[in-house]
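Given next are the chains, with one letter for each unit.
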Amino acid sequence: MHTLFTHAEEFIWRNARLLDRQLFAFHFKDGSADAVVAALRAYQNADGGFGNALEPDIRSPDSQPVPTQHGLEYLDAIGHFDGQLTERVCDFLETITTEEGGVPFVLPSVRAYPRAPWWETDGQPVASLNPTAMIAGILHKWQFQHQWLTHASAFCWPKITSLQPQDEHELLCAIGFLRHAPEWERAEEQIERLGTALIESGMVAAAGSEGYVRDALDWAPTPDHPLRRFFSQEQITACLDVRIACQQEDGGWPISWPPPSPAADNEWRGWVTLQALVTLRANGRL
């Protein structure tokens, strides 16, 4: 009889893209960080940004801000911040930074290719905390020095200090910035304010809720996450129980949004399944 892990592993080897198979091997099979980086490079363009459906809901080969965020997240996941690759990322970000100092959520070039319906923009997109703040947070974590980061941080601070929890992606990016910002006391004040506001906002779904929602474990997936203190252990336990119960017969976990194609569905499920395993292990359930 398959255990949860062996069933999920089989799903990943059968279905996940090479990048996520390499990341699975890194996390659970003593795989090489270099192998993850080698697979990731295939998604980086000559301009330094990431595209090529690294964000599976954007089928465009062109570099886009959120796929570029994801590229850095893969490097962060393996603790292997490739300096040359990251320098090229920041050079790309400078080319798409608005006068405000941040980058837009999505660029107009997305319109030329298949995509999920929420990837829309007008001809002159404005800068956004999503994904500027998350990108800046990762760069701060690794103490990467680049003039783009200086401008982006100056953009993020006033946006975050006036932010109220309304858009979950925007809030997650803000927290991603604050947890690694060098001005720790200032950041801690904002985490306390935003965490309290999150609990009062109604944006935390109960364990087992259906649809594109986030429960306590989605907001604070690891015990050391700065938002974990805003949730009770009972809430986290209930979410972990549901997470385990959501594993499907094929060994993978489902996604809760409509993908633009069967390929995107499979790519997302490989990533979501890997994240489920990582989260369960971090919380002592694997």
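Structure shown above.
A brief structural summary. What you see is a predicted model, and the numbers here were worked out from it, not measured in a lab.

**Topic: the overall build of the chain**
Point 1. For the chain, the count of helices and strands is 12 helices and zero strands.
Point 2. Counting from the amino terminus, the chain carries its helices and strands in the arrangement α-α-α-α-α-α-α-α-α-α-α-α.
Point 3. Across the 286 residues of the chain, 52% fall into the buried class.
Point 4. The contacts in the chain between residues at least 6 apart in sequence include a share of 63% that link residues at least 24 apart.
Point 5. Looking at the chain as shown, the accessible area adds up to about 12900 Å², and 51% of this sits on carbon and sulfur atoms.
Point 6. Across the chain, the 21 positively charged side chains and the 38 negatively charged ones have centroids separated by 4 Å.

**Re the packing of aromatic side chains**
Point 1. Summed over all chains, the structure comprises 10 aromatic pairs.
Point 2. A ring pair is formed by Phe81 and Trp142, whose centres lie 5.4 Å apart and whose planes are at 5°; its orientation type is stacked. Here Phe81, found in the loop between α4 (65-78) and α5 (83-96), pairs with Trp142, found in the loop between α6 (129-141) and α7 (147-161); they are 61 residues apart in sequence, far enough to count as distant.
Point 3. Using a relative accessible area of 18% as the deciding quantity, one classes Phe81 as buried.
Point 4. Take Trp142: its relative accessible area is 31%, and that puts it in the partly exposed class.
Point 5. Centroid distance Phe105 to Trp119: 4.6 Å. Interplanar angle 10°. Geometry classified as stacked. Taken together, the positions of Phe105 in the loop between α5 and α6 and Trp119 in the loop between α5 and α6 put the pair 14 residues apart, joining distant regions of the chain.

**Concerning the pattern of salt bridges**
Point 1. Here the structure, examined in full by the defined rule, presents 13 salt bridges.
Point 2. The closest approach of N and O atoms between Lys29 and Glu9, which form a salt bridge, is 3.1 Å. With Lys29 in the loop between α2 (18-28) and α3 (33-41) and Glu9 in helix α1 (residues 4-15), this residue pair connects regions lying 20 residues apart in the sequence.
Point 3. Lys29 gets classed as partly exposed once you look at its relative accessible area, which sits at 42%.
Point 4. Where Arg243 meets Asp215, a salt bridge forms, and the shortest distance between an N and an O atom there is 3.6 Å. Within this pair, whereas Arg243 is found in helix α11 (residues 233-245), its partner Asp215 is found in the loop between α9 (184-201) and α10 (216-219), the two being separated by 28 residues in sequence. Summarising the burial analysis for this pair, Arg243 and Asp215 share the class buried.
Point 5. A single salt-bridge network, built from bridges that share partners, covers Glu188, Glu192 and Arg229.

**A few points about the environment of Glu100**
Point 1. For Glu100, the position within the fold is in the loop between α5 and α6.
Point 2. With residues up to four places along the chain from it excluded, the contact list for Glu100 reads Val126, Ala127, Phe155 and Lys159.
Point 3. Within polar-contact distance, the side chain of Glu100 engages the backbone nitrogen of Ala127 at 3.0 Å.

**Things to note about the side chain of Asp57**
Point 1. Of note, Asp57 is situated in the loop between α3 and α4.
Point 2. The charged side chain of Asp57 is buried without a salt bridge, its nearest counter-charge being Arg59 at 6.5 Å.

**Brief notes about the side chain of Asp215**
Point 1. Classification of Asp215 as buried rests on a relative accessible area of 8%.
Point 2. Here Leu217 takes part through its backbone nitrogen, which lies 3.0 Å from a polar atom of the side chain of Asp215.
Point 3. Excluding residues that lie within four positions of it along the chain, Asp215 makes contacts with Val204, Ala205, Ala206, Cys239 and Arg243.

**Focus: the environment of Phe92**
Point 1. Within the secondary structure, Phe92 is located in helix α5.
Point 2. A relative accessible area of 3% means that Phe92 is categorised as buried.
Point 3. Every residue in contact with Phe92, bar those within four places of it in the chain, is listed here: Asp47, Gly48, Gly49, Ser63, Gln64 and Thr68.

**Details of the nonpolar core**
Point 1. Membership of the largest hydrophobic core comes to 80 residues, with the highest contact counts inside it found for Leu139, Phe177, Leu178 and Leu277.
Point 2. If you look at the next biggest cluster of nonpolar residues, it comprises six residues, including Ile58, Val106, Val110 and Trp119.

**Focus: unusual backbone geometry**
Glycine aside, the phi torsion of most residues is negative, and most peptide linkages are trans.
Point 1. The linkage connecting Asn130 with the following residue, Pro131, adopts the cis geometry, with an omega of 15°.
Point 2. For Pro131, the position within the fold is in helix α6.
Point 3. Positive phi is not limited to glycine here, since Asp30 has a value of about 60°.
Point 4. The backbone phi angle of Gln143 is positive, close to 50°, even though this residue is not glycine.
Point 5. The class for Gln143 is exposed, based on a relative accessible area of 65%.

Rules and cut-offs
- Residues numbered from 1 in each chain as written.
- Predicted model: local features only at pLDDT ≥ 70, side-chain atom pairs only at ≥ 80, totals over all residues.
- Heavy atoms only, no water.
- Helix = DSSP H or I, 4+ residues; strand = E, 2+ residues; numbered from the N terminus.
- Buried < 20%, exposed > 50% of the residue type's maximum accessible area, 1.4 Å probe, protein only.
- Contact = heavy atoms within 4.5 Å.
- Areas by Shrake-Rupley, 256 points an atom, 1.4 Å probe, with all protein chains shown as cover.
- Lys, Arg positive; Asp, Glu negative; His and termini not counted.
- Charge placed at Lys NZ, Arg CZ, Asp CG, Glu CD.
- Phe/Tyr/Trp six-rings, centres within 6.5 Å; stacked < 30°, edge-to-face > 60°.
- Salt bridge = Lys/Arg side-chain N within 4 Å of Asp/Glu carboxyl O.
- Polar contact = N/O pair within 3.5 Å; in protein donor to acceptor, adjacent residues only side chain to side chain.
- Core = buried A, V, L, I, M, F, W, Y, C linked by side-chain atoms within 4.5 Å.

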